[in-house]
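The chain contents come next:
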Amino acid sequence: MTSSAVGPYVLAPGSSWPPGAAGTAEATGPDGGRVVLRRPAVEGGDRHERAAGLVAGLAGSAHEHLVRPVDVLTDDDGEVVLVTPGPARESLGSWLRRRGTLPTGEAVTVLLPVLAALAHLARRGPVPSSVGLEHVELDDRGAPVLVGGDLRPGPGPGRDVASGTARSYVLAVARHLTTADRERLVGVDGTALDGASLDELVERVHDLARAVPLPTIADGADPAEEVRVAWQPPPVPPPRAGWTAVLPESAVADLLADWWDAARTLPWRDRVRQVRARFWVLGGLVSLSVVGGLVLLPTGSPPESARSARSAEPSEAAEGGTDAASTDTRVPTPVASERGSDASALAPVTTSRDEATDTVRGDDAQAATEILLTARVACLREPSRSCLAAVDQAGSPVALDDARVLDDPSVTAELALPVHVVAEVQRLGESVLLDCSTVDDGPASVLVTRTEAGWRLREVVTR
């Protein structure tokens, strides 16, 4: 039996109660305001209690994509009636039938808000076991609003029920996408959504595309009237310079130009807000790893090039006799167990490795020669190519003489082994001739040359 009023609400012309397939009817409230009467779709013996629970959940949920009831009552048949603010809006199913194939950006716009509303309900009250396109309406902003759903008895916590409800809603919207977009979202025959949680569904929708506004109701139009989407010609690409067409990279240049045009239309603050939280966390972890690696890296000695440049600085020529190598700065010389013994009995006394290296790379040719002569004696006692290479200049006469010791250690007795620097005799460029003496105070001359690695012995002769 139809009636013209439900409680204090008078049905609008053309509306009747019980409602038709739409499940809604427009009416006028006691204050003269327009309202919409809705009958929740509930099955089962305790449908009144569950319908009342849904109404209570909606009433206590302040969410912009959930309908807010203004009243709840029972009709003459004892069914629960939900009263929401009017006027009636167009359902999403009706809008999609007029819209045709749905672009991915608009699909994201109608999916994400409803998924957020279901998650909100799952934390506060009963969750519809399924949501169809007729349970979602588009408000005057073009935003989807969840206005109801099917309540069926079923076990499981609210979060699990919300996940199943969300999957059914995503599948319903996916049917209006192209085949390629539908398979990206739900897979072949919807298999990609099997067992997906609500959070996983949100991630899949996010990865589909960026949300774009819906072409819905114009400002000032009556939402109760039938609205049609106005056809608009496809956007014309911005003009390109003619010379880009002759380049092999013209396609790449066009893509970069399109990206720049799109980037200029969106402020950088909005682009930052669109970055999801997990990417911020990932970027923070990578930054911390890089900073930690830089902090934990050992700080080594200066590179070879820096030390070579330091050693290549011009030095003042030392003049005079024995005063140039004072006893305070002279490196300790080798001593022998007996004066006059052969060179193989020498036991060199050296400074620390770092001090010796700095001296050899420094500007004092006499001090460097003292260390080189001491090191040469030690190298000849236990011959090795690496040791001699650190003392003799490669290819020099002294290097050729010392190399014979590697084959026959007895040759050491024939070599001139000065150990004391007496004075600097002559300096020519990077070569210095020095007057030296052996352990037996025999006269000798030593020619040293400055290389990239520091001072090296070039020639040693006895007089």
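A. Spotlight on the overall build of the chain. Within the chain, the regular secondary structure consists of 14 helices and 15 strands. Out of the 463 residues in the chain, the part that is buried amounts to 38%. Within the chain, contacts between residues separated by at least 24 positions form 56% of all contacts whose residues are at least 6 apart in sequence. Accessible surface, the chain: about 26,000 Å² in total, of which carbon and sulfur atoms supply 56%.

B. Representation of the state of the cysteines within the structure. This model, assessed by the stated rule, comprises 1 disulfide. Across the disulfide from Cys379 sits Cys387; the S-S distance is 1.7 Å. The sign of the S-S torsion, about -65 degrees, decides the handedness of the disulfide formed by Cys379 and Cys387: left-handed. Note on Cys379: relative accessible area 2%, which makes it buried.

C. Just the pairing of strand β15 (residues 454-462), in detail. With 8 bridges joining them, strand β14 (residues 443-451) and β15 adopt antiparallel strand pairing. Counted as the bridge partner of Val446 is Val460 from β15.

D. Highlighting the confidence of the model for the chain. Across the chain, pLDDT averages 75, with 71% of residues at or above 70. Here residues 217-231 is modelled with pLDDT under 50, and outside its nearest four sequence neighbours on either side it reaches 17 contacts, counting other chains as well. Across residues 305-350 the pLDDT falls below 50, and counting only partners more than four positions away or on other chains, this stretch makes 65 contacts in the model.

E. Representation of the sheet that holds β15 within the structure. Read from one edge of the open sheet, 4 strands run β12-β13-β14-β15, paired in antiparallel fashion. Each edge of the sheet is formed by a strand with only one pairing partner; in this case those strands are β12 (420-428) and β15. Across the sheet, the axes of successive neighbouring strands diverge by a mean angle of 25 degrees, strand direction being ignored. In terms of strand pairing, strand β13 (residues 431-437) meets β14 through 7 bridges, oriented antiparallel. For Ser431, the partnering residue across the bridge sits in β14 and is Thr449.

F. Spatial organisation of the environment of Pro30. Structurally, Pro30 is set in the loop between β3 (24-28) and β4 (34-38). A relative accessible area of 64% places Pro30 in the exposed class. Contacts of Pro30, omitting those with residues within four sequence positions, involve Pro8 and Tyr9.

G. Representation of the pairing of β12 in the model. Pairing analysis gives 7 bridges linking β12 to β13, with the strands arranged antiparallel. Residue pairing for β13: Val421 is matched across the bridge by Cys436.

H. Geometry of the pattern of salt bridges. Scanning the model with the defined rule gives 11 salt bridges in all. We note a salt bridge from Glu430 to Arg450, for which the minimum N-O separation is 3.9 Å. One end of the pair, Glu430, is in the loop between β12 and β13; the other, Arg450, is in strand β14, with 20 residues separating them in the sequence. Taken together, the shared-partner salt bridges in this structure form one network comprising Glu64, Asp139 and Arg141.

I. Representation of the side chain of Asp181. Among the secondary structure elements, Asp181 is positioned in helix α5 (residues 179-186). Polar side-chain contacts of Asp181 include one of 2.9 Å to the side chain of Thr178. Among all residues touching Asp181, those that are not within four sequence positions of it are Thr104 and Leu208.

J. The arrangement of the sheet that holds strand β9 (residues 136-138) in detail. In spatial order, the strands read β8-β9-β10; together these 3 strands make up an open sheet with antiparallel pairing. With one partner strand each, in any of the chains shown, β8 (90-91) and β10 (144-146) form the two edges of the open sheet. Across 2 bridges, the pairing between β8 and β9 is antiparallel. Counterpart to Glu90 in the pairing with β9 is Leu138. Sheet strands touched by helix α3 (residues 104-122): β9 and β10. Its angle to β10, the strand with the most contacts, is close to 30 degrees.

Conventions used here
- Residues numbered from 1 in each chain as written.
- Predicted model: local features only at pLDDT ≥ 70, side-chain atom pairs only at ≥ 80, totals over all residues.
- Heavy atoms only, no water.
- Helix = DSSP H or I, 4+ residues; strand = E, 2+ residues; numbered from the N terminus.
- Buried < 20%, exposed > 50% of the residue type's maximum accessible area, 1.4 Å probe, protein only.
- Contact = heavy atoms within 4.5 Å.
- Areas by Shrake-Rupley, 256 points an atom, 1.4 Å probe, with all protein chains shown as cover.
- Disulfide = S-S within 2.5 Å.
- Pairing = 2+ DSSP bridges.
- pLDDT = per-residue confidence, 0-100.
- Axes fitted to C-alpha atoms, helices over the stretch in contact; angles between N-to-C directions.
- Salt bridge = Lys/Arg side-chain N within 4 Å of Asp/Glu carboxyl O.
- Polar contact = N/O pair within 3.5 Å; in protein donor to acceptor, adjacent residues only side chain to side chain.

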